[in-house]
Amino acid sequence: MDCLHPYPDWASKFENQIQESILKGLGSQEITDMLATVSSDDRIRLFVNLRDKLIKDAVNLLPEEECKTALTLIGYNRNSIGLIMTPHYIQAKKHLTNL
């Protein structure tokens, strides 16, 4: 399944109940394929709107490293900076910057 419209483009247009209905209508492989095409940030935006059972089912479809990242981010309080921060960053040596 090619997911041409990552989470913010398609799911944000639907209420939480409709998002859940869409996901419930998909098979495990379709969900796995869809989750593989979106960033970890987009996955978390989707997961925070789902019920615990659906989150658990979806997270368990992720590769081990992605699963760990998702579980870490989901563990933050919904209104905390931890939930919205990205797990992706870059580190550059000072001599390679213009600072």
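Criteria and cut-off values
Residues numbered from 1 in each chain as written. Predicted model: local features only at pLDDT ≥ 70, side-chain atom pairs only at ≥ 80, totals over all residues. Heavy atoms only, no water. pLDDT = per-residue confidence, 0-100. Helix = DSSP H or I, 4+ residues; strand = E, 2+ residues; numbered from the N terminus. Contact = heavy atoms within 4.5 Å. Core = buried A, V, L, I, M, F, W, Y, C linked by side-chain atoms within 4.5 Å. Buried < 20%, exposed > 50% of the residue type's maximum accessible area, 1.4 Å probe, protein only. Axes fitted to C-alpha atoms, helices over the stretch in contact; angles between N-to-C directions. Parallel < 35°, antiparallel > 145°, perpendicular 65-115°, else oblique. Left-handed = near helix turned anticlockwise from the far one by under 90°. Nonpolar A, V, L, I, M, F, W, Y, C, P; charged D, E, K, R; others polar.

Caption draft 1: Quick look at the confidence of the model for the protein chain. On average, residues of the protein chain score 78 in pLDDT, and 78% of them are at 70 or above. Averaged pLDDT values for the elements of the protein chain fall to 57 in helix H1 (residues 7–10) and rise to 90 in helix H5 (residues 52–59). Across residues 1–5, confidence stays below pLDDT 50; counting only partners more than four residues off in sequence or on other chains, it has 7 contacts.

Caption draft 2: How the structure looks around the nonpolar core. Formed by 16 residues in total, the largest nonpolar core has its most connected members in Leu35, Phe47 and Leu50. Among the elements that line this core, the one with the most residues is H5, at 4 residues. Once residues lying within four places of it in the same chain are set aside, the contact partners of leucine 50 are Glu20, Leu23 and Ile55.

Caption draft 3: Main features of the side chain of arginine 43. Structurally, the position occupied by arginine 43 is in helix H4 (residues 40–47). Look at arginine 43 and you get buried, because its relative accessible area is 6%. In this structure, arginine 43 is in contact with Leu35, Val38, Leu62 and Glu66, ignoring residues within four places of it in sequence.

Caption draft 4: Local environment of the packing of H4 against helix H6 (residues 64–74). As a packed pair, H4 and H6 sit with axes 10 Å apart at the nearest point and diverge in direction by 50°. By the criterion of interaxial angle, the relationship of H4 to H6 is oblique. The way H4 lies across H6 gives a crossing that is right-handed. Here H4 contributes Ser40, Arg43, Ile44 and Phe47 to the contact with H6, which in turn contributes Glu66, Thr69, Ala70, Leu73 and Ile74. Taken together, the residues that form the contact of H4 with H6 break down as 5 nonpolar, 2 polar and 2 charged.

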